[in-house]
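Below, each chain spelled out in residue letters.
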Amino acid sequence: WRGRDAAPYSTLVPSDEVTINYRHGLPVITLMLPTRSERCQFTVKPVLTTVGAFLQDVQREDKGIERAEVFATDGSKVSDATLMEVLLMNDFKLVINGTAYSVSPPVKDKISSEHATEMEDIKSLVHRLFVALHLEDHQIRKERELLQKLDHLKGELLPLEQMRARIMSSADAKTSRLLWVGLALMSTQGGALAWLTWWVYSWDIMEPVTYFITYGSAMAFYAYFVLTKQDYIYPHAKDRQFLHYFYRKSKKQHFNVERYNKLKDDLAEAEESLRRLRQPLHLRLPIQEISDKD
C-alpha cells in the first residue's frame with residue numbers, strides 16, 4: 001500500500017489526456033502514447049479483461065513505456081488481477097513512466113429492465129451453447145480415463161483375487177474340520193457319560209460329574225466372552241475362527257490384505273464415477289455410439 005505522501009509519480013496531467021467513452025456497450029479508453037506522441041484507442045471487455053492485461057496492451061503499443069501502473073484516488077495500487085469492470089466504477093490514476101493521468105470514467109446509463117432481461121437471456125444462451133460444444137467431449141474423455149483406470153485396477157486385482165480365493169478355500173476347509181471335530185467330541189462325551197451311567201456306575205455317582213461338566217462349559221463360555229467381548233453364538237464363533245485361519249494363512253503366503261482392500265475401494269469408486277458419468281452421457285450421445293460403448 002502506498003499512502004498519499006509517497007506518491008509513485010512525479011507529475012500530474014489533467015484528466016482530458018485520458019478519456020473513456022462507451023461504444024456498442026464496451027468502454028473505449030483513449031490516451032496519448034508518450035514516446036510516439038499520438039493518441040491511441042483501446043477497446044476493453046470489462047468482464048474479461050484485467051488491469052494487468054490492459055497495461056500490457058498499452059506497453060505493447062508503445063515500446064518506450066517502461067512502467068505502467070494504476071492507482072486508486074487514495075494512492076493505493078490497484079492489483080493487476082482486478083477486472084476492468086471493477087476499475088471503471090470509480091475514478092483512478094493511470095501512471096505511465098512517472099506521469100500520472102487522472103481518469104474519471106463516465107457514468108454508464110442504466111439499462112431498462114427489458115434490456116437487462118434480454119442480456120441475461122443472451123448470457124444463458126451462450127452458456128448453454130458452451131456446454132453443448134464442450135461438455136460432451138469432456139465427458140467422453142473422462143469416461144475413457146475411468147475405463148483405463150478400471151482396466152489397470154482389475155489387472156492389479158486379478159492375481160490378488162486368485163490368491164485370496166485359495167486362502168479362503170483353505171480357511172473354510174479348516175473351519176469346517178474344526179466344527180466336525182467339535183461335533184465328534186460332543187458325541188464322544190455323550191456316549192462316554194451314557195456308558196458310565198448305565199454300564200459302569202449308577203446315576204447317583206454320575207450326576208455330580210455331569211453337573212461339574214456343565215459348570216465347566218459355562219465357565220468356558222464366560223471366558224470366551226471375557227476375551228472376545230462377544231457372546232458365544234455359533235455363527236459368530238465360526239466367522240471368528242474363519243478370520244483367524246484366513247489372516248494366519250495370508251501372513252504365511254505374503255498376501256497384503258490392506259492393499260487388496262484399497263484396490264477394491266478404488267475399483268468401487270471408479271465404477272460408481274463411471275455409472276454417474278454415463279447417466280447424462282447416454283442422454284446426449286447418439287444411439288449408435290451408445291450401443292458401441294455398451
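Before reading further, recall that the structure is shown in the block above.
Residues numbered from 1 in each chain as written. Predicted model: local features only at pLDDT ≥ 70, side-chain atom pairs only at ≥ 80, totals over all residues. Heavy atoms only, no water.

Undergrad: Quick question: what am I supposed to make of the overall build of the protein here?
TA: Along the protein, the regular secondary structure elements total 7 helices and 7 strands. The secondary structure elements of the protein, listed N-terminal to C-terminal, are β-β-β-β-α-β-α-β-β-α-α-α-α-α. Every one of the 294 residues in the protein was classed for burial, and the buried ones make up 27%. Of all intrachain contacts in the protein linking residues separated by at least 6 positions in sequence, the fraction that spans at least 24 positions is 59%. (Helix = DSSP H or I, 4+ residues; strand = E, 2+ residues; numbered from the N terminus. Buried < 20%, exposed > 50% of the residue type's maximum accessible area, 1.4 Å probe, protein only. Contact = heavy atoms within 4.5 Å.)

Undergrad: Hey, could you run me through the side chain of Thr-175 in this one?
TA: Among the structural elements, Thr-175 can be located in helix H3 (residues 113-200). Only 2.8 Å separates the side chain of Thr-175 from the backbone oxygen of Ala-171, close enough to count as a polar contact. Contacts of Thr-175, omitting those with residues within four sequence positions, involve Lys-238, Gln-241, Phe-242 and Tyr-245. (Polar contact = N/O pair within 3.5 Å; in protein donor to acceptor, adjacent residues only side chain to side chain.)

Undergrad: Whenever I open this one, the layout of surface pockets confuses me. Can you help?
TA: One water molecule sets the probe size; rolling that probe over the atoms shows where empty space is left. Its boundaries defined by the atoms lining it, the second largest pocket holds a volume of some 720 Å³. Contributing to the lining of the second largest pocket are 20 residues, with Leu-179, Gly-182, Phe-221, Tyr-232 and Tyr-234 lying nearest its centre. Put simply, the parts of the chain that give the lining of the second largest pocket at least two residues each are H3, helix H4 (203-228) and helix H5 (234-252). It is H3 that provides the largest number of residues to the lining of the second largest pocket, a total of 8 residues. Of the residues that constitute the lining of the second largest pocket, the class distribution is 13 nonpolar, 5 polar and 2 charged. (1 Å grid on protein atoms, 1.4 Å probe; cavity = no way out; pocket = protein on both sides within 12 Å on 5 of 7 lines; lining within 4 Å. Points joined across faces, edges and corners; volume = space filled by probe spheres on them. Nonpolar A, V, L, I, M, F, W, Y, C, P; charged D, E, K, R; others polar.)

Undergrad: Looking at this structure, how should I read the packing of aromatic side chains?
TA: What describes a pair of aromatic rings is the distance from one ring centre to the other and the angle between the planes of the rings. Applying the stated criterion to the full structure yields 6 aromatic pairs. Between Phe-242 and Phe-246, the ring centres sit 6.3 Å apart and the planes meet at 25°, which makes this aromatic pair stacked. One end of the pair is Phe-242 and the other is Phe-246, both in helix H5 and 4 residues apart, which spans about a single turn. Seen from their ring centres, Phe-255 and Tyr-260 are 5.7 Å apart, and the 50° between their planes marks the pair as tilted. When its relative accessible area of 6% is taken as the criterion, Phe-255 is described as buried. Given a relative accessible area of 7%, Tyr-260 falls into the buried group. Clustering of aromatic rings is evident, with ring pairs tying together Phe-242, Phe-246, Tyr-247, Phe-255 and Tyr-260. (Phe/Tyr/Trp six-rings, centres within 6.5 Å; stacked < 30°, edge-to-face > 60°.)

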